Amino acid sequence: MTDRNAGGTFLGVPLYRPRTAFFELASCEGCQLQVLNNEATLAPFLGLLEIVNFREAMTGGTDDYEIAFVEGSVSRKDEEDLLKEIRGNARVLVALGSCACFGGVNRLKDRFDPDWTRKTVYGEAPVESGRARPLEDLVAVDLKIYGCPVKKEEVEKVVTNIALGKAVVSPKYPVCMECKANENICLFDLGEPCLGPVTRAGCDSWCPNSRAGCWGCRGPAEDANVEQLEKIMQEHGFAQETILDRLECFGGFARFAEAFRRRRREGAE
Ligand code: SF4
Ligand code: SF4
Ligand code: SF4
């Protein structure tokens, strides 16, 4: 039997180590890799959990777990079945990364005719590849960790909060707040587009810190004013396709992109 008190302490507090499983659906597995990165904190992180299923890190596995981290979107029937099975087993289901939260980069194929996409990628092979759906289209999701990939620090914080029974809160303000706190020069002043004003923070302005504009991988911030951002982008001389490319890249802004396309159609009539 598992020793539930073998988790050591965190800041002197004895820890209960929840049985935790990691799974992937349609994904690049980059989010799971992030969890395994950062050797400096890996040992204490693993000390918080009893990992019972993690294909990237161990062999074997069991259906006896309490927390399930699920990476990837759903585009096949077997993935749908697996997700429902995981939901049935887990007390807490965490959507890990943009693919799981929004459909992610997998949704880029929605820009094209589905038959054309399948034939172009798989030829005549009988491969099932439907629309990429986020987890919450099919099952209840308890927590979301945003990002493509997720930030290891954020995963650690979520796990620590679960282990300590604390609320898990994701920032609602935009990336610009973190970018300003990091004293970056605004990308717009350097002639680059950026979705920072409308994207949910929490990545510590990862891209602008390296002088790259935000592509919105964490989805919309609360009350995101995308129409205003469109105006700012246009005032800076960016083409409509430039903002659409960004809005449609990770799936989190899908409804805004749809509205953008509708306004553009109406403007052309
Ligand atoms: S969110 Fe990004 S890094 Fe994570 S699985 Fe999807 S494509 Fe890979
Ligand atoms: S670079 Fe982007 S995130 Fe930073 S302040 Fe400018 S618009 Fe905001
Ligand atoms: S800056 Fe934007 S694209 Fe880059 S990690 Fe943060 S949310 Fe994602």
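Located above this text is the structure these notes cover.
In this report, we go over the structure that sits alongside the text. (Residues numbered from 1 in each chain as written. Chains lettered and ligands numbered in written order. Predicted model: local features only at pLDDT ≥ 70, side-chain atom pairs only at ≥ 80, totals over all residues.)

### A look at the site of ligand 3
Thinking step 1. Lining the immediate surroundings of ligand 3 are 13 residues, of which Cys203, Trp206, Cys207, Cys214 and Cys217 lie closest.
Thinking step 2. A per-class count over the shell around ligand 3 returns eight nonpolar, four polar and one charged. (Near = placed C-beta within 6 Å. Nonpolar A, V, L, I, M, F, W, Y, C, P; charged D, E, K, R; others polar.)

### So, helix α3 (residues 77–89)
Thinking step 1. Its 13 residues give α3 an end-to-end C-alpha distance of 19 Å, which sits within 8% of 18 Å, the value for a rise of 1.5 Å per residue.
Thinking step 2. Listed as buried for α3 are Glu79, Leu83 and Ile86. Looking straight down α3, one finds that the buried residues subtend no more than 60 degrees of arc, so they occupy a single side. Counted as exposed and oriented over 90 degrees from the buried face of α3: Lys77, Asp78, Asp81 and Gly88. (Helix = DSSP H or I, 4+ residues; strand = E, 2+ residues; numbered from the N terminus. Expected span 1.5 Å × (residues − 1). Buried ≥ 20, exposed ≤ 12 C-beta atoms within 10 Å, placed from the backbone. Arc of directions from axis to C-beta.)

### A closer look at the nonpolar core
One recurring pattern in soluble globular proteins is that nonpolar side chains are buried together.
Thinking step 1. Formed by 64 residues in total, the largest nonpolar core has its most connected members in Ala68, Val70, Val94, Ala95, Leu96 and Ile145.
Thinking step 2. Residue contributions to this core peak at five residues, all from helix α6 (residues 152–164).
Thinking step 3. There are two domains that each give this core at least three residues, and those are domain 1 (9–164) and domain 2 (175–268).
Thinking step 4. Beyond its immediate chain neighbours, meaning those up to four positions away, Val70 contacts Phe23, Leu25, Leu83, Ile86, Leu93, Ala95, Leu96, Ala100 and Leu135. (Core = buried A, V, L, I, M, F, W, Y, C linked by C-beta atoms within 7 Å. Domains from an automatic or database assignment. Contact = placed C-beta atoms within 7 Å.)

### Quick word on the environment of Glu124
Thinking step 1. Structurally, Glu124 is set in the loop between α5 (114–122) and β7 (143–145).
Thinking step 2. Each C-alpha atom of the pair Glu124 and Arg218 lies 35 Å from the other, and the pair is 94 residues apart in sequence.

### What about the sheet that holds strand β4 (residues 50–54)?
Backbone hydrogen bonds hold the strands of a sheet together, and the pairing may be parallel or antiparallel.
Thinking step 1. Taken in spatial order, the five strands make up an open sheet running β4-β3-β5-β6-β7, and their pairing is parallel. What marks the edges here is a single partner per strand, and that holds for β4 and β7. Across the sheet, the mean angle separating the axes of adjacent strands is 20 degrees when strand polarity is ignored.
Thinking step 2. Pairing geometry for strand β6 (residues 92–96) and β7, over three bridges, is parallel. Counted as the bridge partner of Leu96 is Ile145 from β7. (Pairing = 2+ DSSP bridges. Axes fitted to C-alpha atoms, helices over the stretch in contact; angles between N-to-C directions.)

### Describing the pairing of β4
Thinking step 1. Most of β4 is tucked away, with four of its five residues classed as buried.
Thinking step 2. Where strand β3 (residues 19–24) and β4 come together, four bridges link them in parallel fashion. In the strand pairing of β4, Arg19 is matched with Glu50.

### What about the pairing of strand β5 (residues 67–71)?
Strand residues, when the strand is regular, have side chains that alternate between the two faces of the sheet.
Thinking step 1. Most of β5 is tucked away, with five of its five residues classed as buried.
Thinking step 2. Residues Ile67, Phe69 and Glu71 of β5 are buried on one face, and the alternating residues Ala68 and Val70, pointing to the opposite face, are buried as well.
Thinking step 3. The sheet contact formed by β3 and β5 spans five bridges and is parallel. Bridged to Phe23 within β5 is Val70.
Thinking step 4. Sheet topology places β5 next to β6; five bridges connect them, and they run parallel. Bridged to Ile67 within β6 is Val92.
Thinking step 5. A crossover connection joins β5 to the parallel β6 through α3; in handedness this β-α-β unit is right-handed. (Right-handed = clockwise from strand over helix to strand, strands pointing away.)

### Considering the packing of helix α2 (residues 39–48) against α6
Thinking step 1. At a minimum axis distance of 10 Å, the contact between α2 and α6 shows a crossing angle of 30 degrees. Crossing hand, α2 versus α6: left-handed. Where α2 approaches α6, its residues Thr41, Phe45 and Leu48 are matched on the opposing element by Glu156, Val159, Thr160 and Ala163.
Thinking step 2. Considering only residue class, the contact of α2 with α6 consists of four nonpolar, two polar and one charged. (Left-handed = near helix turned anticlockwise from the far one by under 90°.)

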